[in-house]
Amino acid sequence: MSPRRPFLLLCAFALVAAACGTPAPSASPSGAICGTAPDSAAAATWGGAADPAPTLTPVLVSNAITCGKARILFLYLDGSNRVASAPDRKATVAFYNLGRDPNKAVVTAEGQFVWTIKDERGMYVVDVELPEAGVWGAEFTTSAKDAAGVETGEQARMTFSVLDAPTAVAVGQKAPASKSPTVADVGGDVTKISTDAHPDPAFYQMSVADALAAHKPFMLIFATPKFCQTAQCGPTLDLFKPIAAAHPDVAFINVEPYKLQDVDGQLQPVLDPNKKNSLIATAVTDEWGLLSEPWIFAVDRGGIVRGSYELTITDAELNEILPVITMGG
């Protein structure tokens with residue numbers, strides 16, 4: 001797993017690349033789950049500058065978007081590179097398969113706003129069906145009321161790549177029987193396996209392999225509050241603490257995604273000297289195929305992944321998935 005820049009900066013770079021036209025994704029070594037649309041000359045100009053120029057810039061937060069059912073995160077930045085997403089700002093996205101018809105939207109979805117850090121930073125979630133891999137276009141429409149109460153709107157476009165196979169363990173697949181660290185492995189001292197300033201011991205009682213063997217449904221949260229590359233791990237992990245307390249029938253498991261070592265009583269990352277001292281993914285992280293953090297998986301009693309959520313999860317998604325994993329399998 002390659003370390004990433006803080007996600008807002010990374011996404012801003014991705015947006016610039018998309019505006020210039022995104023190349024078609026290469027074939028996935030894990031096997032395609034859908035076909036790939038043909039190359040399109042329209043991709044180079046489809047995301048061109050709007051007239052008049054929008055005052056807000058849409059940014060795709062999601063990293064590896066795969067064909068089929070796709071959960072896509074995005075936000076808006078203003079001219080000063082500050083997050084402009086808000087609960088009272090409407091956002092809709094129309095998706096175009098540029099290799100088929102750059103003038104006809106395949107699907108349009110309204111973004112569901114979610115706070116990633118309460119009252120400080122937020123973004124939007126859309127769930128859509130993207131039937132083919134290749135280069136796609138996204139047309140973002142947003143509107144909000146100004147100080148005078150008048151609602152104004154604007155549009156912006158970008159292109160992006162859709163992969164033909166998932167990079168991470170996908171919904172519907174069997175969960176890997178990972179031997180994630182537990183407090184039993186470290187003599188009961190949770191600070192030896194968690195960088196959370198206020199760790200919940202319940203999150204480290206059972207490994208993934210233990211939960212699968214016990215046929216216990218679980219929520220698996222890959223998050224490292226201290227060394228997070230997205231500035232989102234701590235808030236996402238904190239989100240689950242009251243949820244875990246309210247659902248004792250579900251195991252909640254936190255896994256630090258990077259290799260750590262004890263240095264003078266403090267957990268510090270193991271760095272790769274051959275890759276500019278970058279962070280190194282753990283074996284568990286690699287087993288789940290993760291390229292970013294935080295990431296959340298919901299697994300039912302039968303060990304089948306029923307939900308996969310990059311970065312965060314909404315209240316609606318939680319309310320939908322918890323009954324599924326407790327009754328499934």
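Whatever comes next refers back to the structure up there.
**Considering the state of the cysteines**
Okay, step 1: If you walk through the whole model with that rule in mind, you get two disulfides.
Okay, step 2: Each sulfur in the disulfide pair Cys34 and Cys67 lies 1.9 Å from the other. Looking down the S-S bond of the Cys34 and Cys67 bridge, the torsion is -110°, so its handedness is left-handed. Note that Cys34 is positioned in the loop between helix 1 (7-19) and helix 2 (43-46) and Cys67 in the loop between strand 1 (57-60) and strand 2 (68-77), a separation of 33 residues in sequence. Of the two residues examined, Cys34 and Cys67, each falls in the buried class.
Okay, step 3: One disulfide in the model links Cys228 with Cys233; its S-S distance is 2.2 Å. The disulfide joining Cys228 to Cys233 has a torsion of about 70° about its S-S bond and is therefore right-handed.
Okay, step 4: According to the relative accessible area criterion, Cys233 is buried, its value standing at 0%.
Okay, step 5: When the cysteines of the protein chain that form disulfides are numbered from the N-terminus onward, they connect as 1-2, 3-4.

**Focus: the layout of surface pockets**
Over the atoms, a rolling probe the size of a water molecule traces out where space has been left empty.
Okay, step 1: Considering only enclosed or pocket space, the largest pocket measures out at about 850 Å³ in volume.
Okay, step 2: Elements with a contribution of two residues or more to the lining of the largest pocket: strand 2, strand 6 (121-130), strand 16 (305-310) and helix 6 (315-327).
Okay, step 3: Here the lining of the largest pocket gets five residues from one element, more than from any other, and that element is strand 16.
Okay, step 4: Split into classes, the residues belonging to the lining of the largest pocket amount to 16 nonpolar, six polar and seven charged.

**Things to note about helix 6**
Okay, step 1: Between its first and last C-alpha, helix 6 extends 19 Å over 13 residues, near the 18 Å set by a 1.5 Å rise per residue.
Okay, step 2: Those residues of helix 6 that sit buried are Glu317, Leu318, Ile321, Leu322, Ile325 and Thr326.
Okay, step 3: As for helix 6, its buried residues are in contact with strand 2, strand 6, strand 9 (218-222), helix 4 (233-246), strand 15 (295-299) and strand 16.

Conventions used here
Residues numbered from 1 in each chain as written. Predicted model: local features only at pLDDT ≥ 70, side-chain atom pairs only at ≥ 80, totals over all residues. Heavy atoms only, no water. Disulfide = S-S within 2.5 Å. Helix = DSSP H or I, 4+ residues; strand = E, 2+ residues; numbered from the N terminus. Buried < 20%, exposed > 50% of the residue type's maximum accessible area, 1.4 Å probe, protein only. 1 Å grid on protein atoms, 1.4 Å probe; cavity = no way out; pocket = protein on both sides within 12 Å on 5 of 7 lines; lining within 4 Å. Points joined across faces, edges and corners; volume = space filled by probe spheres on them. Nonpolar A, V, L, I, M, F, W, Y, C, P; charged D, E, K, R; others polar. Expected span 1.5 Å × (residues − 1). Contact = heavy atoms within 4.5 Å.

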